[in-house]
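# Tertiary structure, described
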Amino acid sequence: MEDAHPLLVCVDARIASEEFGGVGPATLGLVSALSRLGDGPERYLILGYREREAWLTAHIGGACTLLWTSLHPSLSPAARARGLLRPVYSRLRRRVRIPSLYRVPTSDGTVEVSGADLVHFTHPSGFLTTVPSIYQPWDLQHRHLPQYFDLEARTARDVEYGALCRQAVMVAVASSATRQDVIEYFDIAPDKVRVVPAAPATERLEPVGEELAEVARRLELPDRFALYPARTWPHKNHLRLVDAVASLAATDLRVDVVCCGRTTDNVDAILARADALGVAERFHFTGFVTSRDLVCLYRLARLLVFPSEFEGWGLPVVEAFAVGLPVACSGIAALEEYGRGGALFFDPHAPDSIADAVRRLWVDDQLRETLAARGSEIAARFTWDRTARIFRAYYRRIAGRSLSEVDRDLVGAPAETRP
């Protein structure tokens with residue numbers, strides 16, 4: 001029996017820009033790949049904010065069209081007021097038993113009116129809706145590292161993530177480690193939580209020689225450097241990286257580190273530590289860089305160092321693998337899950353362990369070549385085309401559409417499976 005009408009999927013891309021950590025580039029990667037799928041009848045509505053349309057429009061094509069929703073919530077006076085009040089309210093809640101300010105947003109009706117058969121929330125901030133949904137929380141860091149979140153922020157994440165996981169027909173996560181977290185912390189049935197790996201956000205960007213030289217000049221990069229692409233959030237562990245670089249300096253090994261990504265208030269403590277240890281000139285903070293500049297940095301770097309204390313996926317590691325950049329990174333669950341054999345792991349809580357891994361990669365040409373080759377093999381398994389096809393198979397399954405043999409293979413469904 002033929003499907004009644006082409007499947008219409010709404011993909012939530014309500015993110016201000018690609019500057020939104022790894023989630024922004026990942027959303028663009030999926031949207032771009034869906035736009036390039038030309039072998040199916042599906043249509044995709046890409047939900048976004050008109051006030052922030054520029055970052056999306058260049059990536060839309062094929063079966064994808066834009067669907068605008070109401071004002072970006074972070075721009076509203078009410079949201080700004082809540083942001084100002086939250087620290088005060090969080091301190092008050094520690095002393096007095098009062099309810100949280102946070103409420104899970106309810107749909108403004110845009111998706112329901114669009115006629116979408118399914119909505120895919122590609123990032124943690126979804127909304128309540130009557131349309132069947134896939135929800136994609138990238139990590140549950142607040143459960144593992146609660147010291148980095150105030151009470152109101154932890155409560156808000158638990159309330160929103162829990163409600164949207166329970167509402168969803170399927171919860172999509174990028175790693176088995178995050179899958180186990182969702183099952184355990186929100187009491188979600190294991191069959192409902194599926195691992196769908198992401199891919200390098202930079203996979204379609206290949207710089208030419210002139211670009212590399214221009215980026216090196218513009219960003220005033222040292223001749224040789226280790227790259228650390230991450231915002232200066234506390235869990236990204238820049239402080240221990242500073243300690244590691246100081247330890248290397250004590251052995252007369254100079255290692256410069258280029259840190260790209262927007263800075264936070266935590267950067268002052270990082271700079272103060274580097275200055276106190278006499279290695280301030282070895283840290284180069286570029287601020288936010290575009291995806292094109294980022295891939296140039298990967299090409300120019302000697303190695304990637306990634307000392308994060310917690311990740312739900314860790315896109316920079318697989319991006320480094322994709323360009324053949326050797327990696328030294330934290331031996332944490334999500335990174336070991338897919339990086340085993342391709343990275344040099346260290347204890348992110350031990351500066352000496354970080355320093356030893358960086359030193360080995362910095363001075364050992366053969367080790368760098370070996371890890372670069374292994375990383376490239378791992379990265380070949382992760383492409384946005386494959387990720388988009390996996391999601392498309394799930395879209396079809398959830399909506400009760402026919403599954404091809406390829407679809408069944410992608411979602412691990414038996415031959416007789418019908419939603």
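What counts, and at which threshold
- Residues numbered from 1 in each chain as written.
- Predicted model: local features only at pLDDT ≥ 70, side-chain atom pairs only at ≥ 80, totals over all residues.
- Heavy atoms only, no water.
- Helix = DSSP H or I, 4+ residues; strand = E, 2+ residues; numbered from the N terminus.
- Buried < 20%, exposed > 50% of the residue type's maximum accessible area, 1.4 Å probe, protein only.
- Areas by Shrake-Rupley, 256 points an atom, 1.4 Å probe, with all protein chains shown as cover.
- Pairing = 2+ DSSP bridges.
- Axes fitted to C-alpha atoms, helices over the stretch in contact; angles between N-to-C directions.
- Contact = heavy atoms within 4.5 Å.
- Phe/Tyr/Trp six-rings, centres within 6.5 Å; stacked < 30°, edge-to-face > 60°.
- Lys NZ or Arg CZ within 6 Å of the ring centre and 35° of its normal.
- Right-handed = clockwise from strand over helix to strand, strands pointing away.
- 1 Å grid on protein atoms, 1.4 Å probe; cavity = no way out; pocket = protein on both sides within 12 Å on 5 of 7 lines; lining within 4 Å.
- Points joined across faces, edges and corners; volume = space filled by probe spheres on them.
- Nonpolar A, V, L, I, M, F, W, Y, C, P; charged D, E, K, R; others polar.
- Parallel < 35°, antiparallel > 145°, perpendicular 65-115°, else oblique.

Of regular secondary structure, the protein possesses 17 helices and 13 strands. Residues counted as buried form 53% of the 419 residues belonging to the protein. Per element, the accessible surface of the protein, about 18,500 Å² overall, is 52% carbon and sulfur.

With that settled, consider the sheet that holds strand β13 (residues 343–346). In spatial order, the strands read β10-β9-β8-β11-β12-β13; together these six strands make up an open sheet with parallel pairing. Bordering the open sheet on either side are β10 (283–287) and β13, each of which pairs with just one other strand. Averaged over all pairs of adjacent strands, the angle between their axes in this sheet comes to 25°, without regard to strand direction. One ladder, built from four bridges, connects strand β9 (residues 257–260) with β10; its direction is parallel. Directly across from C259, in β10, lies its bridge partner F285. Running over the sheet, helix α9 (residues 238–249) touches β8 (226–229), β9, β10 and β11 (303–306) and is turned about 150° from β10. Taken strand by strand, helix α14 (residues 351–363) contacts β8, β11, β12 (327–330) and β13, and its axis lies near 155° from that of β13.

Another point: the packing of aromatic side chains. If you walk through the whole model with that rule in mind, you get eight aromatic pairs. Here the aromatic rings of Y44 and Y395 are separated by 6.2 Å at their centres, their planes lie at 55°, and the arrangement is tilted. Remark: Y395 occurs in helix α16 (residues 384–398) and Y44 occurs in strand β2 (residues 43–49); sequence separation between them is 351 residues. This pair shows no difference in class: Y44 is buried, exactly as Y395 is. Measuring from ring centre to ring centre gives 6.0 Å for Y338 and F382, while their planes differ by 75°; the resulting arrangement is edge-to-face. A residue pair is termed long-range when its members are at least 10 positions apart, and Y338 in helix α13 (residues 333–339) and F382 in the loop between α15 (365–379) and α16 qualify at 44 residues. For the pair formed by Y338 and F382, the shared burial category is buried. One aromatic cluster in this structure is built from Y44, F391 and Y395. Cation over ring: R302 sits above W362, and NZ or CZ is 5.3 Å from the ring centre.

Another point: the pairing of strand β6 (residues 170–173). Here β6 shows no split at all, with M170 and A172 on one side and V171 and V173 on the other all buried. As defined by bridge partners, strand β5 (residues 133–135) adjoins β6 across two bridges and the pair is classed as parallel. Note that in β6 the partner of Y135 across the bridge is V171. Examined bridge by bridge, β6 and strand β7 (residues 193–195) share three bridges and lie parallel to one another. Bridging across to β7, A172 finds its partner in R194. You can see the chain leave β6, run along helix α7 (residues 176–186) and come back into β7, and the turn it takes is right-handed.

This paragraph deals with empty space enclosed by the protein. All told, the structure shown has one cavity of 30 Å³ or more when counted by the stated rule. Roughly 60 Å³ of volume is contained in the largest cavity. Every residue lining the largest cavity is listed: A26, T27, L30, T122, Q136, W138, P197, A198, W384, T387 and F391. Of all elements in the fold, only α1 (23–36) and α16 reach the threshold of two or more residues within the lining of the largest cavity. Among the residues forming the lining of the largest cavity, the class breakdown is seven nonpolar, four polar and no charged.

Here helix α8 (residues 209–218) crosses helix α11 (residues 291–300) at 95°, and the two axes come no closer than 9 Å. Comparing their axes, α11 and α8 come out roughly perpendicular. Contacts between α8 and α11 involve E211, L212, V215, A216 and R218 from the former and R292, D293, C296, R299 and L300 from the latter. A class-by-class count of the residues in the contact of α8 with α11 yields five nonpolar, no polar and five charged.

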